[in-house]
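Residue strings, one per chain:
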Amino acid sequence: MARKRLHTEADRIAALPVVKPGVDVDAVSARYLTPAGVAAGVRLRPAQARALEALRLYGGLLAPIGTGHGKSLITLLAACAAKAERPLLLIPANMRVPLANERTKFEEHWNLARNLKVVSYSALSVESGANMLSEYQPDLIIADEAHNLRHLTSARSKRLVQYFLSHPSTKFAALSGTLTARSVKDYAHLAELALRNNSPVPLERFDLEAWSRILDSDQEPQGPSDWLLFQAILPEWRNLNADRRAVARRRFAERLGTTPGVVATSDASVGASLLYEEVAVSFCPAMHDAIRELNATWTRPDGEELPDAMSTARVGKQLSLGFYYRWRWPKGEPDVDWLTARNRWAAWVRVLLLQERPELDSPLRVRKALESGKLNDPRGRALLDAWKAQEHKPEPDVEPVWLSDVVVRRAVQWAVERLEEGTGGIVWYHERAVGERLAAYGLPLYDAGVDAPRTWKEAPVFAASITAHGTGKNLQDWAHNLILSWPASGSTAEQLVSRTHRAGQKADEVYVDYVAHTRYLRGAIYQSRRDAAYIEASLGTPQRLRYGSWVCGMRDEEEPVPRPTRAGSHEEDAL
């Protein structure tokens, strides 16, 4: 059915009803309690009651609910609230065990949905999951950690949207403590699936792009035309100057939080203080020299040319921890033709990117421009042709090469200190090579496929993969963290910190220690804090990176990846 378009999407959104956030928690709780629950006197948390009531009344739910407000119980009761006959719950694969534990904990006191089918996002993504939705035909889809559907280009998101187009009466509930990373476009489609024409986010692409330039963390408005498309939300925009975007974000957060079907938390649910502090790392000449060479030439220690700043930053973070990855060739014999073609193409692309031409701002766009003829460069075309003749070959495996264990040893020392203090703690890492190195020093390792410990007694100190355990795990038994590779995404960092700084934490303070001895590590912290400022302002959800105390202070200015200079020019300080 065609949507009726008002003058702008902002007019439609401004005209949506306004609801008050309050709800009778006891009355809502009574709908879902078992007799044992009534006798025990248990009740829902306010955010849980609001979410279930919104789903019951409006048939959809968009819930940017902060970590610690009890999203698991909402997902287990949602089918009852919506009176769904074939409910489907989507969760990250690593949440299967924690969800089963939560179900066991709640089933005595709450009338949990017995007909709930649970499927992982990864199962929806693979080829075998292509027809899963159409075969089961759910009448309610609940997406926990809904930021896993952030990218509309992913297979899982495409399949979900296609299902709703074919089954428009299906209800949808999206919950996440980190609904957005850097853009309102991260959840615009989720808001539409949940609330349809009552979405508080533009449904029309043109309007959405303008709102994105106003609200997002990494964009800028193009001029009055953008603000005119936001005018119904911020009529006084012409009278505002430097703080115009801050006011726009605050006004949007107010409109979002009072929209029927939207439940956003604006309070911190943890009583413990949150302290961030940098851990000093000893100077290491080998690491210093490798990073200085990387800065000067955008080249790995093994001679591999890096094509862009993103690749350089990734390798820079690895070198900051004392290692890098190199190719592992079958029988130890490198494919010289493959390596030469790849490195020459990467080096040429890197030089072109340094020209800062807006239409050629990524390796992919450079390649497409050459292939389409929009970029006429005989040398570039020849190098691309040479690489195309080689790129069909399978990429060799990689192996870590360690330059120094200074950071790993410092992490082990930190863990030993926490063990001796009797507090315990978690060492968080990103790269598997770092986890294996920590394990080699005797630290218990919890990587992918190994569920994190449930209690402090199981493992007072241990190393945990950020990828495998940085979301969806209840680790409030621990109050000390050491992050070796800080996530550059504010939403990822928020999820990570909230593993221990969450409801149920009994310590007075939660400590988040980190290493930041190079520009590459500091740059990730800067970007995550910038993201957190955007998320807090646009959603009204307090971010731990913002309200925690940074003991050592943290400069909120960017340290960009340095441009490469001529080989051998090392005047700039490496770190």
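Everything here concerns the structure above.
Residues numbered from 1 in each chain as written. Predicted model: local features only at pLDDT ≥ 70, side-chain atom pairs only at ≥ 80, totals over all residues. Heavy atoms only, no water.

**What to know about the pattern of salt bridges**
The full count for this structure, using the stated rule, is 31 salt bridges. Close ionic contact of D385 with R381 constitutes a salt bridge, the shortest N to O distance being 3.2 Å. With D385 and R381 both in helix 18 (residues 378-388), this residue pair falls 4 residues apart, about one helical turn. Overlapping salt bridges bring together R367, E371, K388 and E391 as one network. (Salt bridge = Lys/Arg side-chain N within 4 Å of Asp/Glu carboxyl O. Helix = DSSP H or I, 4+ residues; strand = E, 2+ residues; numbered from the N terminus.)

**So, the nonpolar core**
Membership of the largest hydrophobic core comes to 48 residues, with the highest contact counts inside it found for L62, I141, L160, F172, L190, F230 and F252. Counting residues per element, this core draws most heavily on helix 10 (residues 188-195), which supplies 6 residues. The residues touching I141, leaving out its near neighbours within four places in the chain, are L88, L90, L133, L160, Y163, F164, T170, K171, F172 and A173. Within the second largest apolar cluster, 37 residues are counted, among which are V25, A47, L52 and A113. (Core = buried A, V, L, I, M, F, W, Y, C linked by side-chain atoms within 4.5 Å. Buried < 20%, exposed > 50% of the residue type's maximum accessible area, 1.4 Å probe, protein only. Contact = heavy atoms within 4.5 Å.)

**Observations regarding unusual backbone geometry**
For R196, which is not a glycine, the phi torsion comes out positive at approximately 55 degrees. With respect to the helices and strands, the residue R196 is situated in the loop between helix 10 and helix 11 (205-215). On the accessibility criterion, R196 (31% relative accessible area) is partly exposed. Backbone geometry places W298, a non-glycine residue, at a positive phi of 55 degrees.

**With respect to the sheet that holds strand 5 (residues 171-175)**
Strand order in the open sheet formed by 5 strands is 1-5-4-2-3, with parallel pairing between adjacent strands. Either end of the sheet is taken by a strand with one partner, and the two such strands are strand 1 (60-63) and strand 3 (117-120). Neighbouring strand axes in the sheet, compared pairwise and without regard to direction, differ in orientation by 15 degrees on average. Against the sheet, helix 5 (residues 71-82) makes contact with strand 2 (87-91), strand 4 (140-144) and strand 5, and its axis sits at roughly 170 degrees relative to strand 4, the strand it touches most. (Pairing = 2+ DSSP bridges. Axes fitted to C-alpha atoms, helices over the stretch in contact; angles between N-to-C directions.)

**Thoughts on the sheet that holds strand 11 (residues 461-465)**
Pairing is parallel across the open sheet formed by 7 strands, whose spatial order is 10-11-9-12-13-6-14. With partners counted over all chains shown, the strands left at the sheet margins are strand 10 (445-446) and strand 14 (549-550), one partner each. Taken together, the 5 bridges between strand 9 (residues 425-429) and strand 11 define a ladder with parallel strand orientation. In the strand pairing of strand 11, W428 is matched with A464. Most of the contacts of helix 20 (residues 432-440) go to strand 9, to which it runs at about 140 degrees, and overall it touches strand 9, strand 10 and strand 11.

**Details of the pairing of strand 6 (residues 273-278)**
By the bridge criterion, 6 bridges tie strand 6 to strand 13 (residues 509-514) in an arrangement that is parallel. Note that in strand 13 the partner of E277 across the bridge is D513. Bridging between strand 6 and strand 14 involves 2 bridges; their strand directions are parallel. When the bridges of strand 14 are listed, Y276 appears paired with W550.

**Considering the packing of aromatic side chains**
Considering all chains together, one arrives at 19 aromatic pairs under this definition. Look at W211 and F252: their rings are 5.9 Å apart centre to centre, the planes differ by 90 degrees, and that puts the pair in the edge-to-face class. Residue W211 is found in helix 11, and its partner F252 is found in helix 13 (residues 244-257); the two are separated by 41 residues along the sequence. Residues W211 and F252 agree in their burial class; the two are buried. Ring centres of F462 and W478 lie 5.3 Å apart, and the angle between their planes is 80 degrees; this geometry places the pair in the edge-to-face category. Taken together, the positions of F462 in strand 11 and W478 in the loop between helix 21 (466-469) and strand 12 (480-483) put the pair 16 residues apart, joining distant regions of the chain. You can call F462 buried: its relative accessible area is 0%. (Phe/Tyr/Trp six-rings, centres within 6.5 Å; stacked < 30°, edge-to-face > 60°.)

**Digging into the packing of helix 15 (residues 309-320) against helix 23 (residues 519-539)**
Remark: helix 15 packs on helix 23, axes separated minimally by 8 Å, with the N-to-C direction vectors making an angle of 115 degrees. Contact residues: helix 15 offers T312, A313, G316, K317 and S320, while helix 23 offers Y520, L521 and A524. Here the contact of helix 15 with helix 23 is built from residues that sort into 4 nonpolar, 3 polar and 1 charged. (Nonpolar A, V, L, I, M, F, W, Y, C, P; charged D, E, K, R; others polar.)

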